[in-house]
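Here's the letter readout for the chains.
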Amino acid sequence: MTCWETVQAYAFRSIGYGENLLPKTDFTLCQHFTLIGSGMIWNVYFGALALALGFFFANALALAKAAQNPWLRKPADWFIFVFRGSPLFIQFFIAYEMLVLLPRTGIDVFGITVQTGWLTRAWAGALLVLFLNTAAYSAEIFYGALRSIPKGDLEAADAYGISGWQKFRRIQWPTMLRLGWPAYTNEAIFLFHATTLVFFASFPAFRQMGDALYYANYFADKTFNPFIPYPIVGFYFILLTLVVIWGFGWVNRRLNRHLPQNQRVRNRLRINLIR
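This write-up is about the structure you can find in this document. All of these numbers come straight from a predicted model, not from anything done at the bench.

**Quick word on the overall build of the protein chain**
Summing up its helical and strand segments, the protein chain has 10 helices and 2 strands in all. Across the 275 residues that make up the protein chain, the buried fraction comes to 40%. Taken as a whole, the protein chain presents about 17500 Å² of accessible surface, with 64% of it coming from carbon and sulfur.

In structure tokens:
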């Protein structure tokens, strides 16, 4: 089988398209890159969807934590504390055990039976844990940025008669994003890296359609050589990190487009002959 035939057969195997059986012998470098790259589809799925959904929930949590009403502030504060204070792997384990305890026949909601078996699958259960985890960390970032908004900006808004929702939408929220975006970029990178923990969690891979680490572990077990598949996983995640940095950097430049650009100072080499 040529490399192109291998790509055609295994490029989308992780999502159910292509060969049903994994290769058993004569593992080539092309098979390593193709199957591990196919598994990266799930890592991108977990990270991108959890990040997108967690962004809006994190904004709501940050506002609730900054609220004066204790009925809003306390639940948000405790939610952030619990998910930031416990290891992510333990959260995966506890979530899986709780979801397994749900009735197999489903739960009756207003006379309608809602199936719960799908929640124990990695595509749903692991995504839920990652969503809650990144929402907690991102909320703390946005809360700190919200508290760091210069008072002069708020006083200027009051002087112009801007208040309420309009003040939040035009002054507070854009400034909060601008101040917290560099730290939020790091959280996005850490989240994509944390998707590798799904392999070690209790959520099973459906029909051997696992993530990148699933296929890397398969090759390492078959060849007894971990120094080929795991560096390939690292290579793919480095490329993914570069994409995240580029995308979030573009957003950061858009958020700060109204600010004067800092001129890059060129360092000149000056040889000091006489002291």
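**Focus: unusual backbone geometry**
Here Asp26, not a glycine, exhibits a phi torsion of approximately 50°, which is positive. Inspection of the secondary structure assignment puts Asp26 in the loop between helix H1 (3–10) and helix H2 (29–66). Positive phi, close to 55°, is recorded for Phe224, a residue that is not glycine. Residue Phe224 is classed as exposed on the basis of its relative accessible area, which comes to 74%.

**Focus: the packing of aromatic side chains**
Evaluated as defined, the whole model comprises 25 aromatic pairs. Geometrically, the ring pair formed by Trp42 and Tyr45 is edge-to-face, given 5.3 Å between the ring centres and 90° between the ring planes. Linking Trp42 with Tyr45, this pair stays in helix H2, spanning 3 residues, or about one helical turn. Overall, the relative accessible area of 26% leaves Tyr45 in the partly exposed class. With a centroid separation of 5.6 Å and an interplanar angle of 70°, the aromatic rings of Phe57 and Phe79 are classed as edge-to-face. With Phe57 in helix H2 and Phe79 in helix H3 (residues 70–85), this pair connects stretches of sequence that are 22 residues apart. Of the residues examined, Phe57 reaches a relative accessible area of 28% and is grouped as partly exposed. Three or more aromatic residues link up through ring pairs in this structure, and these residues are Phe55, Phe56, Phe142, Trp181, Tyr184 and Phe248.

**Concerning the pattern of salt bridges**
Counted under the stated rule, the structure contains 3 salt bridges. The partner of Asp158 in a salt bridge is Lys167, and the shortest N-O contact between them spans 3.2 Å.

**Structural notes on a nonpolar patch on the surface**
A surface patch of nonpolar side chains, about 590 Å² in accessible area, is lined by Phe89, Ile90, Phe93, Ile94, Met98 and Phe200. The leading source of residues in the nonpolar patch is helix H4 (residues 88–100), at 5 residues. Among the structural elements, Ile90 can be located in helix H4.

**Some details on helix H9 (residues 212–223)**
An ideal rise of 1.5 Å per residue puts 16 Å on 12 residues; H9 measures up with 17 Å between its terminal C-alpha atoms. When H9 is considered as a whole, its buried residues turn out to be Ala212, Leu213, Tyr215, Ala216, Tyr218, Phe219 and Ala220. The elements touched by buried residues of H9 are H2, helix H8 (197–200) and helix H10 (229–255).

**A few points about H10**
For H10, which comprises 27 residues, the first-to-last C-alpha distance of 39 Å matches the rise-based estimate of 39 Å (1.5 Å per residue) to within 8%. Among all positions in H10, only Pro229, Ile232, Val233, Tyr236, Phe237, Leu240, Thr241, Val244 and Phe248 are buried. Elements that come into contact with the buried residues of H10 comprise H2, helix H7 (164–194) and H9.

**Topic: the environment of Phe89**
As for its placement among the helices and strands, Phe89 is situated in helix H4. Residue Phe89 is classed as partly exposed on the basis of its relative accessible area of 37%. It is 8.4 Å that separates the C-alpha atoms of Phe89 and Val198, two residues lying 109 residues apart in sequence. Those residues in contact with Phe89 that sit more than four places away from it in its chain are Phe200 and Ala201.

**Let's talk about the state of the cysteines**
Per the counting criterion, the structure on display carries 1 disulfide. There is a disulfide in this structure between Cys3 and Cys30, and the S-S distance comes to 2.2 Å. With the S-S dihedral at roughly 80°, the linkage between Cys3 and Cys30 falls on the right-handed side. Taken together, the residues span a long stretch of sequence, with Cys3 in helix H1 and Cys30 in helix H2 at a distance of 27 residues. Judged by relative accessible area, Cys30 falls into the buried class, the value being 15%.

**Some words on the side chain of Thr175**
Mapped onto the elements, Thr175 comes out in helix H7. Using a relative accessible area of 8% as the deciding quantity, one classes Thr175 as buried. Non-local contacts of Thr175, meaning those with residues more than four positions away in its chain, are made with Ile149, Pro150 and Asp153.

**Some thoughts on the packing of H2 against H7**
Any two packed helices are characterised by how steeply their axes cross, that is the angle between the axes, and by the distance between the axes. Taken N-terminus to C-terminus, the directions of H2 and H7 make an angle of 145°; their axes are 11 Å apart at the nearest point. Classified by chirality, the crossing of H7 by H2 is right-handed. Taken together, the residues of H7 that come into contact with H2 (itself represented by Asn43, Val44, Gly47, Ala48, Ala50, Leu51, Phe55, Asn59 and Leu63) are Phe168, Trp173, Met176, Leu177, Trp181, Tyr184, Ala188, Leu191 and Phe192.

Rules of the game
- In this numbering scheme, every chain counts its residues from 1 along its sequence in written order.
- Predicted model: local features are reported for residues with pLDDT of at least 70 only, side-chain atom pairs are reported and counted for 80 or more only, and whole-chain, interface and lining totals are derived from all residues.
- In computing side-chain properties, one takes all heavy atoms of the structure into account and sets aside hydrogens as well as water.
- What counts as a helix is a DSSP run of H or I of at least four residues, what counts as a strand is a run of E of at least two, and both are numbered from the N terminus.
- Here's how the labels work: a residue is buried when its accessible area is under 20% of the maximum for its type, exposed when over 50%, partly exposed in between, all with a 1.4 Å probe on protein chains only.
- To be clear on the numbers: accessible area is Shrake-Rupley with a 1.4 Å probe, and residue cover counts the displayed protein chains and nothing else.
- Pairing of aromatic rings covers Phe, Tyr and the six-membered ring of Trp, with a centre-to-centre limit of 6.5 Å; geometry is then stacked below 30 degrees between planes, edge-to-face above 60, and tilted otherwise.
- Each salt bridge in this description consists of a side-chain nitrogen of Lys or Arg and a carboxyl oxygen of Asp or Glu lying within 4 Å of one another.
- Surface patches are defined over residues having more than 30% relative accessible area and no salt bridge, joining like charges when they lie within 9 Å and nonpolar side chains (Val, Leu, Ile, Met, Phe, Trp, Tyr) when within 5 Å.
- To estimate how far a helix should reach, multiply one less than its number of residues by 1.5 Å.
- Contact between two residues is taken to exist if any of their heavy atoms lie within 4.5 Å; hydrogens are not considered.
- The rule for a disulfide is simple: a pair of cysteine sulfur atoms within 2.5 Å.
- To obtain each axis, a line is fitted to C-alpha atoms, and for helices this fit is confined to the stretch in contact; angles are then taken between N-to-C directions over 0 to 180 degrees.
- When the near helix sits turned anticlockwise from the far one by under a right angle, the crossing is termed left-handed; a clockwise turn instead gives a right-handed crossing.

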